Amino acid sequence: MPGFRAKIRIGILIIVVVGICLAALYGLLKPISNGCIMTYMYPTYIPISSSESISPVKYGLYLYHEGWKKIDYKEHLKKLSGVPVLFIPGNGGSFKQARYAHLLAKVRSLAAESDRAYQNGPLERTYYQEASLRPEEGGADINLSGFQLPNQYTSRLDWFAVDLEGEHSAMDGAILEEHTEYVVYAIHKILDQYKVSYDTRTREGAAVSGSLPKSVILVGHSMGGFVARAAVIHPRLRKSAVETVLTLSTPHQSPPVALQPSLGHYFARVNSEWREGYKVQTTNTGHYVSDPVLSNVVVVSISGAYNDYQVRSKLTSLDNIVPPTHGFMISSTGMKNVWLSMEHQAILWCNQLVVQASHTLLSLIDSRTGQPFPDTQKRLAVFARMLRSGISHNFDWMMQLPSYKQSISSPVQNTKDVTGSPVHRPVACPANIHWNDGGLDRDLYIQINEVTVLAMDGRRRWLDIQKLGSNGKSHFVLVTNLEPCSGIRLHLWPEKGKSATSLPLNDRVVEVTSKMMRIPSGPAPRQLEPGSQTEQAPPSAVFWLGPEDMHGFRFLTISVAPRPTVSGRPPPAASMAVGQFFNPEEGNQELSPWFMLQSTYSQKEAHPLAVKLSFAISLGLLPVTLSLKTVGCGIRNSGLPEEEAGDLESSSKNSNPQPNGLII
């Protein structure tokens, strides 16, 4: 009997262990709702003939063509005149993967969206603050104030892809070396093909324009990104044949799983050569010989963030491999117009990311030459402006004390005052957006350090900086779902006036609307029926001023455009803006890992509008969910005089205002 009971206990233990393992496996492998939109395309692959002397001959090179009509391959190759881009698939990847139902396309999504982007032109311009190069990236040493992103694209991207036969490059360093050898050959073959096409058009008397490409842009997914970097330092690669590398979910620091020593050794050797490649070449006695071998090479790494269980973000980092002046890593959750985390394969077809990456590569092209900018800082600046949000590296130091802060970076225009001295002012909203101070209704004067907007009421709100920003509340923050320039404008005034032109030239107001930074937001709700309750759209922008930004000014005004009316259509979602003067020290909260795992944290009711929660937690491959919820809603005090608050109170009865808080 005792033996039977022991067997029962062992059986129960086995069942529990197996159940826990299956539950954990399901948690890792279950489908994830990432919010991505599928990318659709009509692919045609044009084979590029390879030399028989190339070993191994099992690999192949193809040119991608977007379109459902049949084309003549030879005639199409004659017309090659764009910017060459070579896609390198990762572990088990191939350009042919589109032919199999259980695998996703590799190059197709990027190539298809690049073609659409070229035909449709650049993304619609917005007036949010753009990202800029950080000081450690050379932003303080080079003047790019006159550098602008293109208004139209002058050259298309010609996408090539290597067929690596679906080999598992993540298993063996020898396979990675073979792939690197073939990629180097493919780069040379692509550049030679452009020369052949150019000469053929010249002999046939066809019109030729632009210059021949001297380099190929490399785009690699997963291990393909590492192969791209390995090819850049290959001894047989032509000089300047590769100057730009974009990697997607690529492990740069080390292989995710080093099953064989050769894999780890190859990673270590390649990374060591990259570190040496950015050092100035000197003699044994320390005399200068030449610039760094990789001085013209820019690398940008995009990670899939927390949903990518195969390649974690820390592996995609370029730290101690590529200096900040020549590259950076960005998470897909921090990418402008993306804001999503995605699985390892989904990063190739997620339309939000693919579209942004396509426009980024097209923006690298110099309109004068039809080829990528030769200047390293310009290419890095394009990547920064197109991929980063203006908020990506600002909020980390916005909460710091003024003595440790630098002035907020924003576009500026250079003007001169009456004495002829140069004055740097933020760029004002363009004149083609028609509404001005003269079209505003009666002004409102805010009496407390909080201000709320519940509708596009066509009013200007005045905030006295000296009065409302006292008692340590030296910072101002505003969150809103109104578009900068077209929906809301912000100005700093040295004194009160009716309009910006009513003051002397040297005392005129400064428009600071361009300091608004875009933040991720969900879809805006719609009012389904006239008279029904209108839900507030989530905030889509944040605006921040520190004491150094408001120094020398007495008033801050928030001007809201009149609400647009569209006949026969439901009105847009209710507009919202909440601003506050506050002390950043009151919003700093540091939470311990054990506190995060075992309990919940709630803010006091009268918390600052901006809150910084700091915590560190790591559980390896196990996912961690952090949930942020608001429990209070409504406006207790409008901050307006009694005779002016009535309109606001009546309008709030027909709306469902968002909680007046933003958690960062």
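Residues numbered from 1 in each chain as written. Predicted model: local features only at pLDDT ≥ 70, side-chain atom pairs only at ≥ 80, totals over all residues. Heavy atoms only, no water.

Colleague: Please explain the overall build of the chain as it appears in this structure.
Modeller: A count of helical and extended segments in the chain gives 14 helices and 27 strands. A total of 664 residues make up the chain; the buried ones form 49% of that total. In the chain, once contacts between residues fewer than 6 apart in sequence are set aside, the share between residues at least 24 apart is 77%. Here the chain displays about 33,300 Å² of accessible surface, and carbon together with sulfur accounts for 54% of that area. (Helix = DSSP H or I, 4+ residues; strand = E, 2+ residues; numbered from the N terminus. Buried < 20%, exposed > 50% of the residue type's maximum accessible area, 1.4 Å probe, protein only. Contact = heavy atoms within 4.5 Å. Areas by Shrake-Rupley, 256 points an atom, 1.4 Å probe, with all protein chains shown as cover.)

Colleague: Before we go on, may I ask you to explain a nonpolar patch on the surface in this structure?
Modeller: Judged by side-chain polarity, Phe4, Ile8, Ile12, Val16 and Ile20 come together as a nonpolar surface patch covering roughly 490 Å² of accessible area. Along the chain, isoleucine 8 turns up in helix H1 (residues 2-29). When its relative accessible area of 41% is taken as the criterion, isoleucine 8 is described as partly exposed. (Patch = residues over 30% accessible without salt bridge, like charges linked within 9 Å, V, L, I, M, F, W, Y side chains within 5 Å. Salt bridge = Lys/Arg side-chain N within 4 Å of Asp/Glu carboxyl O.)

Colleague: Looking at this structure, I do not really get helix H5 (residues 223-232). What am I missing?
Modeller: Each turn of an α-helix holds 3.6 residues, which means side chains three or four residues apart point in the same direction. Most of H5 is tucked away: 10 of the 10 residues are buried. For H5, every residue scored as buried is listed here: Met223, Gly224, Gly225, Phe226, Val227, Ala228, Arg229, Ala230, Ala231 and Val232. The inward-facing, buried residues of H5 contact strand S3 (83-88), helix H4 (173-203), strand S5 (217-221), strand S6 (244-248), helix H6 (261-277) and strand S9 (298-303).

Colleague: What is the right way to read the side chain of threonine 250 from this model?
Modeller: Checked against the element boundaries, threonine 250 lands in the loop between S6 and H6. Residue classification places threonine 250 among the buried positions, given a relative accessible area of 0%. Side-chain polar atoms of threonine 250 contact the backbone oxygen of serine 222, separated by 2.8 Å. (Polar contact = N/O pair within 3.5 Å; in protein donor to acceptor, adjacent residues only side chain to side chain.)

Colleague: Would you mind going over the sheet that holds strand S14 (residues 450-453) with me for this structure?
Modeller: Sheet strands pair by backbone hydrogen bonding; their relative direction is either parallel or antiparallel. Reading across the sheet, the five strands line up as S14-S23-S16-S21-S19 and stay open at both edges, with antiparallel pairing between neighbours. Since the sheet does not close on itself, it has two edges, and those belong to S14 and strand S19 (517-518), each with one partner. Bridging between S14 and strand S23 (residues 577-582) involves four bridges; their strand directions are antiparallel. By the bridge assignment, valine 453 is partnered in S23 with alanine 577. (Pairing = 2+ DSSP bridges.)

Colleague: Which parts of the structure should I look at to understand the sheet that holds strand S4 (residues 157-163)?
Modeller: The eight strands lie next to each other as S1-S2-S4-S3-S5-S6-S9-S10, forming an open sheet whose pairing is mixed. Here the strands that pair on one side only, and so sit at the sheet edges, are strand S1 (43-48) and strand S10 (327-331). Going across the sheet, the axis of each strand differs from the next one's by a mean of 25 degrees, ignoring polarity. Its contacts with the sheet place helix H8 (residues 351-363) against S4, S5, S6 and S9, and it is angled at close to 115 degrees to S4. (Axes fitted to C-alpha atoms, helices over the stretch in contact; angles between N-to-C directions.)

Colleague: Would you mind showing me how to read the environment of leucine 123 here?
Modeller: The residue leucine 123 is located in the loop between helix H3 (107-120) and S4 in this model. Under the relative-accessibility criterion, leucine 123 is labelled partly exposed at 37%. Residues leucine 123 and histidine 359, 236 residues apart in the sequence, show an inter-C-alpha distance of 7.5 Å. The contact partners of leucine 123, leaving out residues within four places of it in the chain, are Tyr153, Asn337, Val355, Gln356 and His359.

Colleague: Where do I start with the state of the cysteines in this structure?
Modeller: Here is the idea: a disulfide is a covalent bond, and it sits between the sulfur atoms of two cysteines. Enumeration according to the criterion identifies two disulfides in this entry. Covalent S-S linkage joins cysteine 36 and cysteine 350, the inter-sulfur distance amounting to 2.1 Å. The disulfide joining cysteine 36 to cysteine 350 has a torsion of about -90 degrees about its S-S bond and is therefore left-handed. Of this pair, cysteine 36 sits in the loop between H1 and S1 while cysteine 350 sits in the loop between S10 and H8; the two residues are 314 residues apart in sequence, bridging distant segments of the chain. Cysteine 350 shares its class with cysteine 36; the two are buried. Through a disulfide, cysteine 429 is tied to cysteine 485; the S-S separation comes to 2.1 Å. Across the disulfide from cysteine 429 to cysteine 485, rotation about the S-S bond amounts to roughly -85 degrees, and the bridge is consequently left-handed. Separated by 56 residues along the polypeptide, cysteine 429 in the loop between strand S12 (422-426) and strand S13 (444-445) and cysteine 485 in the loop between strand S16 (475-480) and strand S17 (488-493) bring together distant segments of the chain. (Disulfide = S-S within 2.5 Å.)

Colleague: Any chance you could explain the packing of aromatic side chains here in plain terms?
Modeller: Each aromatic ring pair is summarised here by two numbers: the centre-to-centre distance and the angle between the ring planes. Inspection of the entire model under this criterion finds 13 aromatic pairs. Taken together, a centroid distance of 5.5 Å and an interplanar angle of 65 degrees make the contact between tyrosine 59 and tyrosine 182 edge-to-face. With tyrosine 59 in the loop between S1 and strand S2 (60-66) and tyrosine 182 in helix H4, the pair connects residues that are 123 residues apart, well separated along the chain. Each member of the pair tyrosine 59 and tyrosine 182 is classed as buried. Taken together, the ring pairs connect Tyr445, Trp462, Trp493 and Phe555 into an aromatic cluster. (Phe/Tyr/Trp six-rings, centres within 6.5 Å; stacked < 30°, edge-to-face > 60°.)

Colleague: Sorry, what's going on with the packing of H8 against helix H9 (residues 376-387) here?
Modeller: Each pair of packed helices can be described by the angle between their axes along with the distance between the axes. Direction vectors running N to C along H8 and H9 enclose 150 degrees, while the axes themselves pass 9 Å from each other. Classified by the angle their axes make, H8 and H9 are roughly antiparallel. Classified by chirality, the crossing of H9 by H8 is right-handed. Between H8 and H9, the residues in contact are Gln356, His359, Thr360 and Ser363 and Val382, Phe383, Met386 and Leu387, respectively. Here the residues of the contact of H8 with H9 are counted per class, giving four nonpolar, four polar and no charged. (Parallel < 35°, antiparallel > 145°, perpendicular 65-115°, else oblique. Left-handed = near helix turned anticlockwise from the far one by under 90°. Nonpolar A, V, L, I, M, F, W, Y, C, P; charged D, E, K, R; others polar.)

Colleague: Just to check I follow, could you spell out H9 for this structure?
Modeller: Between its first and last C-alpha, H9 extends 17 Å over 12 residues, near the 16 Å set by a 1.5 Å rise per residue. Burial of H9 is extensive: 11 of the 12 residues sit out of reach of the surface. Of all the residues in H9, the buried ones are Thr376, Gln377, Arg379, Leu380, Ala381, Val382, Phe383, Ala384, Arg385, Met386 and Leu387. Near the N-terminus of H9, the side chain that reaches the backbone nitrogen of glutamine 377, with its oxygen 3.1 Å away, is that of aspartate 375. (Expected span 1.5 Å × (residues − 1).)

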